[in-house]
Amino acid sequence: MLHIDAHFPGGGVDRVRFPAPDVIQFEAPMDESPQSLWYAFRVRGAAGRRLTLRQTGLERVLGVFESRGYAPVIPVFREHDGDWQRVDEDGIVYSQDPLYFSFAITPRTDECFVAFCFPYQFSDWERFVRTLPAELIHTDVLGKTMEGRDFPRLLLGRPDLPSVRRMVVLSARQHAGEVSGSYALEGLLSRLTQPDMAGLLETTLFCVFPILDLDSVEEGRYGKDRFPADFNRDWKLNPYHPEIRLVQAELERLAARFRPVWALDLHAPQPGGASYMPPSTSYPRGSELWRQTWNLGIAFEDHCRGKVSFHLGDVDTEVLNWGGVNDSNLIGAYYLARWRCPFNCFELSYHRDGELRPLTRQTWREMGALLAEALVPFALDDTYGQNPPDESRIPAWALPPVLGRWKTTRRTVAMQLDDHGDSLTLMPQAQQNFAWVTSALYSYLPQDRRAVGLRARGECKLKAYFSFFENGLLVRRTREEALAFTGEAVLNMPPPPSEVCSWAVSLIAEDLPADLCVEVPRHD
């Protein structure tokens, strides 16, 4: 008799059925997220049996119909007291009608474990830390997670040296199921402890938050968009998650001695996606931070060439549409607003590289080591990487319009934008068009000057909302307001939460029939 359970750290499975002998049907659990992805479970009574494991409910799995789909997935399994390994690709079946994914294993032991990808728990992190040189690491517990676990932070370097005045911040697992980031972090930190990195550690401290959503990692949840707030949509003035509040408080404390000069956050893409670097929507094209972050991406691609697969051109075509209304809550927006330092996010594939070759844990570690090597000159010198990047290396669609005080929040479609600073003209180039634009931050205005003017050449329909910030971090956002008018209209800003708040207006225009001009109140 087969028995299935997920009663171990990182375990999670849902809707287990046995539709036929030696066939296990299951789904990845939702766990208060709108979409699923991660699963890990134990099978007992498996010895010597060729088991078919059929995953259903794929319509609820993140990214099944995006990027390269679900076909590149290669789950992992391990026998009792054995090591994790990829399942045999010959036994994998991906069907789109009906929609399911199946794979086969033949365990030699009565007990075996199955997972979406190579698991990585807090115990794995603890084992890894013990391999680092003791004189270079400083671990601490900053406080408690939402569910009462100790929340860890590691410093790597020599903070006692007077010459150490710079700080690079590293983080991973904002989305708990994105395990590849943890293995890459191991490779990055191991590389930083090598003898040829001694000069870097004489000037620069590395502050590491290894597992941001620790509760979901241990409970076996995927974690992305989990109610009530996604970790990477919660970087505002008063975050919902205590873990983010702990990170922000620790960075405030450390920044009194060590100036943040760069930040990296490690993620994983859709189930079948390749590794890539999402372009930041926080930096205007051509700005100093935009140049630096793209130059690091190019340097990383150069370091990977001939060793591991990483291509800037593999960036997912929907990545510029991820932020939306939460664009100002992303971790990159936090580093921009609070520390004005460059920030790069890297999405590291779960299963196959850009050439569809299966990935191993060692591949991710090697990618982390190469990222460390690429980062060194940028971390040592504020001026390094400020030259314009080679834009031929950047996917053309990922290059935002060159604007002044306005920015695009999502990818613009068939819309020309003319930025005059305090005004913006949207000029449709085709019947079907789209633009989501956000103004620069403006300071507090008295009540009689809180009107945004709108002028259209004919009938116009759009949506608008206001965002309020303190020290650059989001305090409050209004609900989207739908507007329909002909000629001229006024969009009235509600009272700000306080007189120290700055504000920005965002507009969402779709299928405009003619030009639209937006004017914010002038500041004397």
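Quick note: structure is the one above.
Throughout what follows, the structure given in this document is the object of discussion. This structure is a prediction, so every number in the text was calculated from the model and none was measured. Position numbers for residues count from 1 along each chain, tracking the sequence in the order it is written. Reporting of local features is limited, given that this is a predicted model, to residues whose pLDDT is at least 70; pairs of side-chain atoms are given and counted only at 80 or more, and all residues count toward the totals for whole chains, interfaces and linings. Side-chain figures throughout are based on the complete set of non-hydrogen atoms in the structure, without hydrogens or water.

1. A closer look at the packing of helix H6 (residues 288–304) against helix H8 (residues 361–380)
Contact pair H6 / H8: the axes reach a minimum separation of 9 Å and the direction vectors enclose 135°. As summarised for this structure, H6 and H8 are arranged oblique, according to the angle between their axes. Our pair here, H6 against H8, has a crossing hand that is right-handed. Between H6 and H8, the residues in contact are Gln292, Asn295, Leu296, Ala299, Phe300, His303 and Cys304 and Met367, Leu370, Leu371, Glu373, Ala374, Leu375 and Phe378, respectively. Considering only residue class, the contact of H6 with H8 consists of ten nonpolar, three polar and one charged. Only the contacting stretch of a helix is used when fitting its axis, a line to C-alpha atoms as for every element, and angles between N-to-C directions run 0 to 180 degrees. In DSSP terms, a helix is any run of H or I states spanning at least four residues, a strand is any run of E spanning at least two, and both are numbered starting from the N terminus. Throughout this description, any angle smaller than 35 degrees is read as roughly parallel, any larger than 145 degrees as roughly antiparallel, any in the 65 to 115 degree range as roughly perpendicular, and the remainder as oblique. Here a crossing is taken to be left-handed if its near helix is turned anticlockwise relative to the far helix by less than a right angle, and right-handed if that turn runs clockwise. We call two residues in contact when some of their heavy atoms are within 4.5 Å. Each residue gets one of three labels, nonpolar for Ala, Val, Leu, Ile, Met, Phe, Trp, Tyr, Cys and Pro, charged for Asp, Glu, Lys and Arg, and polar for the others, Gly among them.

2. What to know about the environment of Pro119
By the secondary structure assignment, Pro119 is in the loop between strand E10 (111–115) and helix H1 (122–129). Buried, partly exposed and exposed residues are distinguished by accessible area as a fraction of the type maximum, computed with a 1.4 Å probe on protein chains only: under 20%, between the cut-offs, and over 50%, respectively. Exposure remark for Pro119: the relative accessible area of 12% places this residue in the buried category. Leaving out residues up to four positions away in the same chain, Pro119 has contacts with Trp38, Val76, Trp84, Asp124, Val179 and Tyr183.

3. Details of the packing of aromatic side chains
Two aromatic rings from Phe, Tyr or Trp, using only the six-membered ring of Trp, form a pair when their centres are within 6.5 Å; if the ring planes differ by under 30 degrees the pair is stacked, by over 60 it is edge-to-face, and anything between is tilted. Under the criterion given, the structure shown has 25 aromatic pairs. When the ring of Trp436 is compared with that of Tyr465, the centres are 6.4 Å apart and the planes differ by 85°; the resulting orientation is edge-to-face. Separated by 29 residues along the polypeptide, Trp436 in strand E20 (residues 434–438) and Tyr465 in strand E21 (residues 451–470) bring together distant segments of the chain. An identical accessibility class is assigned to Trp436 and Tyr465; each is buried. Each member of the aromatic cluster is reached from another via a ring pair, and the members are Phe26, Trp38, Tyr39, Phe41, Phe116 and Tyr350. The residue whose ring lies beneath Arg54 is Tyr100, and the NZ or CZ to ring-centre distance is 5.3 Å. Taking the ring centre of Phe113 as reference, the NZ or CZ of Arg78 above it sits at 4.3 Å. Geometrically, a charge over a ring is one whose NZ (Lys) or CZ (Arg) sits within 6 Å of the ring centre while staying within 35 degrees of the ring normal.

4. Quick word on the state of the cysteines
When the sulfur atoms of two cysteines come within 2.5 Å, that pair is taken as a disulfide. Scanning the entire structure with this criterion turns up zero disulfides. Between Cys117, a free cysteine, and Cys345, which holds the nearest cysteine sulfur, the sulfur-to-sulfur gap is 17 Å.

5. Some points on the nonpolar core
Membership of the largest hydrophobic core comes to 128 residues, with the highest contact counts inside it found for Trp125, Leu189, Leu251 and Tyr335. The residues contacting Leu189, other than those within four sequence positions of it, are Trp125, Phe128, Leu132, Leu156, Leu170 and Val208. Of all hydrophobic cores here, the second largest spans 31 residues; its members include Leu462, Phe468, Val505 and Val520. Among the buried residues, those of types Ala, Val, Leu, Ile, Met, Phe, Trp, Tyr and Cys that are joined through side-chain atoms within 4.5 Å form a nonpolar core.

6. Let's talk about empty space enclosed by the protein
Here a cavity denotes a set of grid points, spaced 1 Å apart and computed over the protein atoms alone, in which a 1.4 Å probe fits but from which it cannot get out, and a pocket denotes an open set meeting protein on both sides within 12 Å along at least five of seven lines; residues with an atom within 4 Å of a point are reported as lining. Grid points are joined across faces, edges and corners, and a volume is the space filled by probe spheres set on the points. This model, assessed by the stated rule, comprises one cavity of 30 Å³ or more. Of the pockets and cavities examined, the largest cavity occupies roughly 50 Å³. As for the largest cavity, its lining consists of Gly10, Trp38, Tyr120, Gln121, Arg173, Ala176, Gly177, Val179, Ser216, Val217, Gly220 and Arg221. For the lining of the largest cavity, the class distribution of residues is five nonpolar, five polar and two charged.

7. Examining the pairing of strand E22 (residues 473–477)
Of the pairings in the sheet, the one linking E21 to E22 comprises four bridges and is antiparallel in character. Among the inter-strand pairings, Glu470 is bridged to a residue of E22, identified as Leu473. At least two bridges found by DSSP between two strands is the condition for calling them paired. Turn length for the E21-E22 hairpin, with the two strands adjacent in sequence and antiparallel, is two residues, and the turn residue Asn471 shows positive phi of about 55°.

8. Points about the layout of surface pockets
A volume near 1,000 Å³ is recorded for the largest pocket. For the lining of the largest pocket, the elements supplying multiple residues, two or more each, are H6, helix H7 (331–339), strand E17 (407–408), E21, E22 and strand E24 (502–510). Here the lining of the largest pocket takes four residues from H7, the largest share from any one element. Here the lining of the largest pocket is composed, by residue class, of 27 nonpolar, 15 polar and eight charged.

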